[in-house]
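# Geometric and topological summary
What follows is the residue order along each chain.
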Amino acid sequence: CSDDGRFGAEMLYGLLQFVPVLGPRKATSLKRESNLHPLDDTRLHPDVYHRNTWAVKIAIDAMEPEQIENNEEFTIRAIRDAMANSQEQVRKLFEMTKAEWEGLYGPTFDVLAWDPRNIPVDSWRDNVEELDLETFAQMIENDGMGNWLSHLLMIKWEFRLPFIDPRKPMEPLSGDRLFNLLTGETDETMRPGKEVTGKVVRNGDFGSRVMLEGNIPGFIPKRNMADGNVESAESMVTVGNGIRALITQVKKEHMCVDLTMRLDDFKRPMSSWERPKSLPSLDPYFDKRTATELENAKKLERDRGFEELIKNIRKQERGPGPAGANDPFAQKPKRTSRVTRRTCGHPAFRNARHDEVDKELRGNGYSMVGEALIRPSSQKADVLAVHWVVRPGVVKIIEVVEEDKEADTNIGNILKIKNEVYESIDELLGRYIGPMNERVEEVAHHRKFKDMSEDDLDNHLRQLKKGDPAGIFYHLCWNEQYPGYVSLRFIIGQTPRHHVVGLSPEGYTWGGKLFDSLDRLINEFKKNPRGPSGMLNRTSGSTTSNAQSSRAERPSRWGDRNSNNTNGRSSGWGGTSTVTSNTSTSAGPPVMGSGSSRNNWSTTSSARSSQWTTTDGSSSSRPPPPPPPMPPPHGFPPSIPPGVPPGFPPFQPPPPPGAPVGSSVGSYRSRQ
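The sections below set out a description of the structure shown in this document.

### Things to note about the packing of aromatic side chains
Within this structure, the stated rule accounts for 10 aromatic pairs. Every member of this aromatic cluster is reached through a ring pair, and the members are Tyr474, Phe490, Trp510, Phe515 and Phe525.

### Focus on the side chain of His446
Relative to the helices and strands, His446 is located in the loop between α10 (425-444) and α11 (454-467). Reaching out from His446, the side chain makes a polar contact with the side chain of Asp519 at a distance of 2.7 Å. Every residue in contact with His446, bar those within four places of it in the chain, is listed here: Leu476, Leu518, Asp519 and Ile522.

### Considering the pattern of salt bridges
The full count for this structure, using the stated rule, is 32 salt bridges. Across the salt bridge formed by Glu293 and Arg289, the nearest N and O atoms sit 3.7 Å from each other. Highlighted residues: Glu293 and Arg289, both in helix α8 (residues 288-318), separated by four residues, approximately one helical turn. Judged by its relative accessible area of 46%, Glu293 is partly exposed. Asp519 serves as the salt-bridge partner of Arg447, at 3.0 Å between the closest nitrogen and oxygen. Here Arg447 is found in the loop between α10 and α11, whereas its partner Asp519 is found in helix α12 (residues 518-527), with 72 residues between them in sequence.

### A look at the sheet that holds strand β2 (residues 207-212)
With mixed pairing, five strands are arranged side by side around a closed barrel as β1-β2-β3-β5-β4. Adjacent strand axes in the sheet meet at a mean angle of 50°, parallel and antiparallel pairs treated alike. Both strand β1 (residues 195-203) and β2 contribute to a ladder of five bridges, which runs antiparallel. Along β2, the bridge assignment pairs Gly198 with Leu212.

### Regarding the sheet that holds strand β8 (residues 394-403)
Strand order in this open sheet of five strands is β6-β7-β8-β9-β10, and the pairing throughout is antiparallel. Of all strands in the sheet, those with a lone pairing partner are β6 (372-376) and β10 (420-422), marking the two edges. Adjacent strand axes in the sheet meet at a mean angle of 30°, parallel and antiparallel pairs treated alike. Relative to strand β9 (residues 414-417), β8 runs antiparallel, the two being bridged by three bridges. Along β9, the bridge assignment pairs Glu403 with Ile414.

### Describing the pairing of β8
By the bridge criterion, eight bridges tie strand β7 (residues 383-391) to β8 in an arrangement that is antiparallel. The residue of β8 that forms the bridge with Ala385 is Glu399. Hairpin connection between β7 and β8: a loop of two residues separates the two successive antiparallel strands, and Gly393 in this loop has a positive phi of roughly 85°.

### Details of the pairing of strand β14 (residues 507-510)
Direction of pairing for strand β13 (residues 496-504) relative to β14: antiparallel, over a ladder of three bridges. In the sheet register, Leu503 faces β14, and the bridge partner there is Tyr508. A loop of two residues connects β13 with β14, the two strands running antiparallel in sequence. As paired strands, β14 and strand β15 (residues 513-515) are joined by three bridges and run antiparallel to one another. Residue pairing for β15: Trp510 is matched across the bridge by Lys513.

### What to know about a nonpolar patch on the surface
A contiguous nonpolar surface patch, about 380 Å² in accessible area, is contributed by Leu173, Leu178, Leu181 and Leu182. Inspection of the secondary structure puts Leu181 in helix α6 (residues 175-183). For Leu181, a relative accessible area of 47% corresponds to the partly exposed category.

### Thoughts on the packing of helix α2 (residues 54-63) against helix α5 (residues 149-160)
Where α2 meets α5, the axes come as close as 10 Å, and the angle between the chain directions of the two elements is 60°. It follows from the interaxial angle that α2 and α5 lie oblique. Between α2 and α5 lies a crossing of right-handed hand. Across the interface between the two elements, Trp54, Ala55, Ile58 and Ala59 of α2 pack against Leu152, Ile155 and Phe159 of α5.

Scoring rules and cut-offs
- Residues numbered from 1 in each chain as written.
- Predicted model: local features only at pLDDT ≥ 70, side-chain atom pairs only at ≥ 80, totals over all residues.
- Heavy atoms only, no water.
- Phe/Tyr/Trp six-rings, centres within 6.5 Å; stacked < 30°, edge-to-face > 60°.
- Helix = DSSP H or I, 4+ residues; strand = E, 2+ residues; numbered from the N terminus.
- Polar contact = N/O pair within 3.5 Å; in protein donor to acceptor, adjacent residues only side chain to side chain.
- Contact = heavy atoms within 4.5 Å.
- Salt bridge = Lys/Arg side-chain N within 4 Å of Asp/Glu carboxyl O.
- Buried < 20%, exposed > 50% of the residue type's maximum accessible area, 1.4 Å probe, protein only.
- Pairing = 2+ DSSP bridges.
- Axes fitted to C-alpha atoms, helices over the stretch in contact; angles between N-to-C directions.
- Patch = residues over 30% accessible without salt bridge, like charges linked within 9 Å, V, L, I, M, F, W, Y side chains within 5 Å.
- Areas by Shrake-Rupley, 256 points an atom, 1.4 Å probe, with all protein chains shown as cover.
- Parallel < 35°, antiparallel > 145°, perpendicular 65-115°, else oblique.
- Left-handed = near helix turned anticlockwise from the far one by under 90°.

Put into structure tokens, the structure is as follows:
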């Protein structure tokens with residue numbers, strides 16, 4: 001089109017009929033329409049300049065012509081003058097911004113990144129900006145025509161930037177931007193000289209591959225593994241072990257970093273490493289001399305610590321007395337088996353007391369959740385205590401046994417938690433604490449987990465049961481008495497009950513069984529709510545007293561009439577036997593109590609029916625007693641499921657004849 005809205009080449013008129021949506025009839029009509037409205041080439045709807053003529057009023061009020069004419073040519077000329085005035089102001093602002101930027105930073109002005117919408121309102125000097133469009137929109141709304149403020153503001157910006165696309169042009173992701181999106185790291189969080197931790201995943205001919213936190217791959221060349229000559233990577237690091245290293249180079253194009261483990265690099269001050277160019281430059285008044293002195297003081301303190309550690313190690317290797325100074329066959333120092341401090345420089349190790357470590361963990365709040373600190377045990381010589389923060393304010397202490405120790409002050413070469421063996425503190429934290437944190441996250445995000453106390457959860461179950469008496473409800477919460485355990489609480493009758501579920505790096509333990517997922521454990525619970533060992537806990541009610549325990553140790557008194565047994569006693573279950581009690585006095589969290597009939601867990605079966613012996617020798621049918629507990633798995637104490645510390649109530653004797661028998665549990669309904 002030409003400036004006056006006419007088509008510049010009439011020979012192209014014939015091609016209009018081939019434009020989609022037009023066709024011959026519309027193309028012919030378009031030929032006759034020689035004068036186009038200037039706002040037809042904008043994003044404005046025709047309602048604002050044809051039907052309501054608000055855009056015309058804004059243009060006339062902005063230009064303030066001396067004489068107002070009531071014809072279409074005058075209105076079109078006023079709109080074009082207003083648009084020209086606004087676009088001239090956009091050009092001036094662009095030139096001013098560019099000149100100011102290049103005066104400060106040189107010829108680095110990004111034209112595509114400049115957006116006139118970000119310019120402050122006070123900087124605009126076009127005629128449209130002088131109008132009070134908010135008041136104009138309020139007048140229109142008072143006339144009952146609705147709220148048109150957004151349309152009026154759009155008219156102002158279409159005068160300035162007609163039909164401009166507000167979207168930024170797509171830019172290809174560069175190395176820095178792509179590295180930040182994929183890893184979440186920046187030049188400030190990952191830069192040369194920064195200390196990082198990772199796990200060795202593979203050893204090669206030229207070095208070792210390491211996986212850092214955040215799944216960022218790293219590489220340690222052989223020349224950077226030690227200060228001296230390194231024959232092979234296997235002689236320095238082992239696959240699966242955790243390491244500490246320094247970053248030497250961040251290769252964003254390859255999504256990896258180069259690392260070093262040289263002692264000389266650890267001694268270098270931070271200021272000697274290359275500073276990324278993307279970081280802001282240092283303040284010109286920054287006191288570099290004082291900063292260097294502080295770094296040198298820290299370096300001396302760190303060197304003294306290394307020298308003291310090496311001196312202690314060499315002293316232990318030489319053995320007592322001057323004779324062992326140069327004698328490689330000198331006798332090694334004898335073990336005293338006394339509780340002593342350890343010479344360990346691991347960042348997670350503390351030579352401190354229980355209350356000091358506990359105070360450090362609890363004092364840092366949420367930042368320490370999932371973290372673990374290790375200290376020497378104050379009771380045993382070859383034992384370490386791991387303080388693991390399960391959740392805010394809850395710390396679980398895990399006992400670690402040391403084996404293959406060369407001296408009392410050394411950390412054992414073998415660390416054992418129960419039957420699991422670890423070779424270093426990093427391996428222990430990675431293979432034990434890491435999976436345990438994953439178990440905690442799975443529990444906290446499970447659909448049946450409730451973040452409330454055990455009493456509150458029991459009240460919640462009672463309310464659910466009250467609303468639906470036929471339903472069976474269950475939920476999970478944390479065990480308040482024993483950290484690191486989960487309480488599976490449910491209600492079938494009127495009294496809430498619970499099971500204790502243990503956490504382990506391999507999964508979840510319940511009743512002597514290990515489950516790799518919480519859903520599998522819950523499915524097993526639905527099949528057998530009493531648990532694999534046939535035991536359960538009552539949440540409320542009377543507890544087993546010492547008198548009951550003593551009575552449980554004696555044979556049953558319900559079968560000693562008309563007995564044919566040589567001992568003169570009968571079990572009361574239709575044969576001769578002796579009732580024994582399986583008790584345990586070990587301390588630990590309570591697990592599923594007795595299987596007595598008062599817990600409403602008796603099960604009737606014609607195959608297991610029995611006859612009660614009466615005084616006159618006759619027999620009468622009675623419901624059978626509840627089945628005895630299942631035998632414990634091999635390697636575990638009687639009636640103590642693995643994964644849960646012992647401490648169970650004793651097995652109760654069977655009920656006498658005529659005692660009320662609970663309803664049988666034939667099915668289990670769960671409301672998800």
